[in-house]
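Fold and geometry: a report
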Amino acid sequence: MHGTENKIFDIAWAREQFPSLKLQVNGHAAAFLDGPAGTQVPKQLMDAIQNYFVSANANTYGAFLTSRRNDETIRSARAAMADFFNCDSNEIVFGQNMTTITFALARAIGRELKPVDEIVVTTLDHDANVAPWRALEERGVVIRQVDIRETDCTLDLDDLKRKISARTKLVAVGYASNMVGTINPVAEITKLAHAAGALMFIDAVHYAPHGLINVKTLDCDFLVCSPYKFFGPHMGTLYGKREHLEKFKPYKVRPATNTSPESWETGTQVQELIAGIGAAVDYIAELGRHCDPSVKGRREALQAAYRATQQYETALLSRLIAGLQAIPDVRIFGITDAKRFDERCSTLSFRLGNHHPTEIATFLGERGIFTWDGNFYALNLSERLDVEQRGGVLRVGLVHYNTADEVDRLLAALREFASL
Ligand SMILES: Cc1ncc(COP(=O)(O)O)c(C=O)c1O
């Protein structure tokens, strides 16, 4: 996390935008520390979806009012995502979720591959950035998997360099780990991939709520993320360099357009949720304007928002790590050294003695503290850390609507659990 400027972050204003944060559980205020599996949504998004149904509910490209409004809704959501990624609108593809998009893209790229061609994946990734590429083994494509350094749960870059070769056609790497929070040096990895003549695919699902993405400076070929992880609706969004979206051929029905990006959007989209994607990006921009009223366009507003939230989240993370380290028998996975916080985001996993993570999550849940237990589909990592057979880990996800008070409540509840 790279927050350097001292922007004022108005947590009270931010929380007011999220109606669900008022939820009570057994007399306790709900503490949503479950963001990595899906964040809460601001009221602006709910209004946009309602507005779609009231005034723009029709299929695309009809010669009448509601259809034209729907076309405009989709056009404006594409423009919002283009600002979010820093690309052109025609490089944005909407889809059901990251997993479905990645399987479809892998199938389309796979059509062009031959046996002996290679794809590089990693042990740190969610299985949605592994299984779609492994499915190409059926065609004889060889999959090479990059290991991690177990001590700090970072990618082993020496191993990565060994695995990339002239046979590599694509490198698939996550921007940030949804289990241990590690942020990968994806710009550097993109250079390595390109030097070998391979395409670079980035899974930015976990990074998107924590840091602003810039596909131009990354120079990646594809990048995918899921709006429901950054305060939006349950959908997925792909960025693809225009030349690639035009070159690769998606599986599609004959009457559908051959023009990208729509050629990649199979069947009728969940248009009401696309309206919500535009609203989610606009919410983050509104937050940015609230932090720094001098910003000009939407991209600048997004930059201001992430500058402020990164600094805020880092403070919460420090508090969480210090509190956890004071509890005997807690084993944190990943980077804990504050000097290296720019290599991680505010998602943290740990184990407490030999307790099953589900037991802890249940104890916390009864006190209104929502955390996740298990492997979160980061199966390779869970196996590599040797926790898969023991219920995985307990994961705490901190996003900008969480508070220091929630972190303190979590720590107090964990101390109570540990002392039982
Ligand atoms: C890092 C990461 N990649 C991919 C996915 C899959 O995303 P989706 O649910 O949109 O298919 C997730 C979901 O948890 C994730 O955290």
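The sections below set out a description of the structure shown in this document.

So, how was this worked out
- Residues numbered from 1 in each chain as written.
- Predicted model: local features only at pLDDT ≥ 70, side-chain atom pairs only at ≥ 80, totals over all residues.
- Heavy atoms only, no water.
- Near = heavy atom within 4 Å.
- Polar contact = N/O pair within 3.5 Å; in protein donor to acceptor, adjacent residues only side chain to side chain.
- Areas by Shrake-Rupley, 256 points an atom, 1.4 Å probe, with all protein chains shown as cover.
- Nonpolar A, V, L, I, M, F, W, Y, C, P; charged D, E, K, R; others polar.
- Helix = DSSP H or I, 4+ residues; strand = E, 2+ residues; numbered from the N terminus.
- Contact = heavy atoms within 4.5 Å.
- Core = buried A, V, L, I, M, F, W, Y, C linked by side-chain atoms within 4.5 Å.
- Buried < 20%, exposed > 50% of the residue type's maximum accessible area, 1.4 Å probe, protein only.
- Phe/Tyr/Trp six-rings, centres within 6.5 Å; stacked < 30°, edge-to-face > 60°.
- Pairing = 2+ DSSP bridges.
- Axes fitted to C-alpha atoms, helices over the stretch in contact; angles between N-to-C directions.

**With respect to the site of the ligand**
Every residue close to the ligand is listed here: N97, M98, T99, H126, A128, N178, D203, V205, H206, S226, Y228 and K229. N178 places a polar side-chain atom, nitrogen or oxygen, 3.4 Å from an oxygen atom of the ligand. Within the side chain of D203, a nitrogen or oxygen atom sits 2.6 Å from a nitrogen atom of the ligand. Protein contacts shield 89% of the accessible area of the ligand, which totals 390 Å² for the unbound molecule. Considering only residue class, the shell around the ligand consists of four nonpolar, six polar and two charged.

**A word on the side chain of T237**
Mapped onto the secondary structure, T237 falls in strand β12 (residues 236-240). Once residues lying within four places of it in the same chain are set aside, the contact partners of T237 are M81, F85, I92, V93, F94, I101, L223, V224, C225, P227 and I277.

**Examining the nonpolar core**
The biggest cluster of nonpolar side chains holds 114 residues, and the ones touching the most others in it are M81, F84, F85, I213 and L223. Top contributing element to this core by residue count: helix α11 (residues 298-325), with twelve residues. Apart from residues lying up to four places away in sequence, I213 is in contact with F84, F85, Y175, A204, Y207, A208, L218, L223 and R299. The next biggest cluster of nonpolar side chains, apart from the first, holds 27 residues, and it includes L105, L113, I119 and L136.

**Some points on the packing of aromatic side chains**
Overall, the coordinates contain 16 aromatic pairs when judged by the stated rule. A centroid spacing of 6.4 Å and a plane angle of 50° characterise the contact between F222 and F248, whose relative ring orientation is tilted. Remark: F248 occurs in the loop between α9 (242-247) and α10 (271-291) and F222 occurs in strand β11 (residues 222-225); sequence separation between them is 26 residues. Like F222, the residue F248 is buried in the burial classification. In this structure an aromatic cluster arises from ring pairing among W13, F18, F231, Y283 and Y401.

**Describing the sheet that holds strand β9 (residues 168-174)**
Strand order across the open sheet formed by seven strands is β4-β12-β11-β10-β9-β5-β6, with mixed pairing between neighbours. The open sheet terminates on both sides in strands that have one partner only, identified here as β4 (92-95) and β6 (142-146). Shown here is a sheet whose adjacent strand axes are inclined to one another by a mean of 20°, direction ignored. Two elements, β9 and strand β10 (residues 199-203), share five bridges in a ladder whose sense is parallel. Pairing of L170 across the sheet is with L199, part of β10. On top of the sheet, helix α3 (residues 65-85) reaches β4, β11 and β12; it is set at about 115° to β4, its chief contact.

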